[in-house]
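Observations on the three-dimensional arrangement
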Amino acid sequence: MSMRTAYEQNKFVLVGALLFAGWTALTLLNVANSMGSISTSNWVGQHGIGGIVGIAALLVILALTLTAYGTLTEPEPAPAEWPPESE
């Protein structure tokens, strides 16, 4: 289904998926900007290794969200409408 059809049939799911993907991307940038150096020996607070693990987890979540978004825009197979339209 196209973006227009996905929006007509599942407004909340489509808008929610897009907002969640945007929020995840902004959080990813925030983590990347606030993490410390990787080579430092200070392991308290926002250190580099924790930042890398956080970025990896956010990338996985973003990939799963974009995959779910991609299935919303697929043309086939589309589920049958309920209730069926009378002819």
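Because the structure is predicted, anything quoted here is derived from the model rather than measured.

Turning our eyes to something else, we now look at the overall build of the chain. A count of helices and strands for the chain gives 3 helices and 0 strands. Going from N to C terminus, the chain has its helices and strands arranged as α-α-α. Expressed as a percentage of the 87 residues in the chain, the buried residues total 17%. For the chain, long-range pairs separated by at least 24 residues make up 56% of all intrachain contacts whose partners lie at least 6 apart in sequence. Surface accessibility of the chain: about 6,700 Å² in total, with carbon and sulfur atoms responsible for 67%.

Tracing the backbone through its elements, the reader meets Thr 24 in helix 2 (residues 11-34). Reaching out from Thr 24, the side chain makes a polar contact with the backbone oxygen of Phe 20 at a distance of 2.8 Å. Non-local contacts of Thr 24, meaning those with residues more than four positions away in its chain, are made with Leu 58, Ile 61 and Leu 62.

Okay, a nonpolar patch on the surface next. On the surface, a nonpolar cluster with roughly 480 Å² of combined accessible area is contributed by Ile 38, Trp 43, Ile 49, Ile 52 and Val 53. Mapped onto the secondary structure, Ile 38 falls in the loop between helix 2 and helix 3 (48-72). Taking relative accessible area as the criterion, Ile 38 reaches 47% and is therefore assigned partly exposed.

Parameters and conventions
Residues numbered from 1 in each chain as written. Predicted model: local features only at pLDDT ≥ 70, side-chain atom pairs only at ≥ 80, totals over all residues. Heavy atoms only, no water. Helix = DSSP H or I, 4+ residues; strand = E, 2+ residues; numbered from the N terminus. Buried < 20%, exposed > 50% of the residue type's maximum accessible area, 1.4 Å probe, protein only. Contact = heavy atoms within 4.5 Å. Areas by Shrake-Rupley, 256 points an atom, 1.4 Å probe, with all protein chains shown as cover. Polar contact = N/O pair within 3.5 Å; in protein donor to acceptor, adjacent residues only side chain to side chain. Patch = residues over 30% accessible without salt bridge, like charges linked within 9 Å, V, L, I, M, F, W, Y side chains within 5 Å. Salt bridge = Lys/Arg side-chain N within 4 Å of Asp/Glu carboxyl O.

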